[in-house]
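Observations on the three-dimensional arrangement
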Amino acid sequence: MALEAVIFDMDGTLVDSMPYHMLSWQKFLESKGIEAGLEEIREKGHGTLFDIMPRFFGEYITREDSYRLAMEKEAIFREMYAPFMKPIEGLLQFLDELKQNGIKMALGTAADFSNTDFTLDTLQIRSYFDVIITSDIVPEGKPSPAVYNYAAKQLGINPSACIVFEDTFSGYKAGRAAEMKVAAITTMHSAEEWNGHGADLVLNNYYDVNFQTINRLFT
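Since the structure is predicted, the reported quantities are computational estimates derived from the model, not experimental observations.

**Focus: helix H6 (residues 113–123)**
For H6, the set of buried residues is Ser114, Asn115, Thr116, Phe118, Thr119, Leu120 and Leu123. In this structure, the buried side of H6 is in contact with helix H1 (18–31), helix H4 (63–81), strand E2 (104–108) and strand E3 (131–133). Looking one or two places after H6, you find Gln124, whose phi comes out positive at around 60°.

Okay, structure coming up:
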């Protein structure tokens, strides 16, 4: 089995945006009279926005209210992050290398379309991706493998020929549950924290990886 596709998470994987997500959550929650420290936000802030909102606003919140609040929170995030957005070091060169070697690429993110468009269009990298999957398309959040299963299906590629790039343990579990190889990037967790989780690769940025390195994992 040879490498045929690379599937990327977005926040924390293409861009080191998670600190801005944490700060925007804090600002948003404060505006609603909810005090939450960064540790609490980190513990509750995984999955899609439909997963997260009930953890702060109660399990009986409607999807309509979750969506309205989510759009408000994400607008705060985009305003905070826009002046600082940049790709993780080496990303553009790595995307070019994969494209030159005929590797299909997909994006599988828990973000909604608005943040996905914001990121891809600001960085001008949309054209690299054959498939773009957001929470608007697959609402089931990680560690469910749903987004990665769907990405592989849309690409027309066997999951065993795919590698996922992720920054969180829940994303790692999603990739593994989809029966894909997983590369971990150390934006959210240090290399030491990744020890014992079984990632096929652990990298600090995309200068630490190339096509030959990941292709060898499949031979």
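**Remarks on the nonpolar core**
Ranked by size, the top nonpolar core spans 35 residues in total, and within it Phe8, Phe165, Tyr206 and Ile214 carry the most contacts. In terms of residue count, the dominant contributor to this core is helix H5 (residues 91–100) (four residues). Grouped together as the second largest cluster of nonpolar side chains are 19 residues, Ala106, Ile133, Ala151 and Leu155 included.

**A closer look at the sheet that holds E3**
A sheet is described by the order of its strands in space; here six strands give the open sequence E3-E2-E1-E4-E5-E6, paired in parallel fashion. For this open sheet the edge positions go to E3 and strand E6 (201–203), each flanked by a neighbour on one side alone. The average angle at which neighbouring strand axes cross in this sheet is 20°, direction not considered. With three bridges joining them, E2 and E3 adopt parallel strand pairing.

**Some points on the pattern of salt bridges**
Scanning the model with the defined rule gives ten salt bridges in all. Ionic pairing is found between Lys73 and Glu74, a salt bridge with its closest N-O pair at 2.8 Å. Within the structure, one salt-bridge network assembled from shared partners comprises Asp9, Lys142 and Glu166.

**Topic: the packing of H1 against helix H3 (residues 49–57)**
Close contact between H1 and H3 brings their axes to 13 Å; oriented N to C, the two are set at 45°. What the angle tells us is that H1 and H3 run oblique. For H1 against H3, the interelement crossing comes out right-handed. Taking contact as the criterion, the partners of Trp25, Phe28 and Leu29 in H1 are, on H3, Leu49, Ile52, Met53, Phe56 and Phe57. Here the residues of the contact of H1 with H3 sort into eight nonpolar, no polar and no charged.

**Focus on the packing of H3 against H4**
As a packed pair, H3 and H4 sit with axes 9 Å apart at the nearest point and diverge in direction by 95°. As judged from the angle between their axes, H3 and H4 are roughly perpendicular. For the pair H3 and H4, contact is made by Leu49, Phe50, Met53, Pro54 and Phe57 and by Arg63, Ser66, Tyr67, Leu69, Ala70, Lys73 and Glu74, respectively.

Parameters and conventions
- Residues numbered from 1 in each chain as written.
- Predicted model: local features only at pLDDT ≥ 70, side-chain atom pairs only at ≥ 80, totals over all residues.
- Heavy atoms only, no water.
- Buried < 20%, exposed > 50% of the residue type's maximum accessible area, 1.4 Å probe, protein only.
- Helix = DSSP H or I, 4+ residues; strand = E, 2+ residues; numbered from the N terminus.
- Contact = heavy atoms within 4.5 Å.
- Core = buried A, V, L, I, M, F, W, Y, C linked by side-chain atoms within 4.5 Å.
- Pairing = 2+ DSSP bridges.
- Axes fitted to C-alpha atoms, helices over the stretch in contact; angles between N-to-C directions.
- Salt bridge = Lys/Arg side-chain N within 4 Å of Asp/Glu carboxyl O.
- Parallel < 35°, antiparallel > 145°, perpendicular 65-115°, else oblique.
- Left-handed = near helix turned anticlockwise from the far one by under 90°.
- Nonpolar A, V, L, I, M, F, W, Y, C, P; charged D, E, K, R; others polar.

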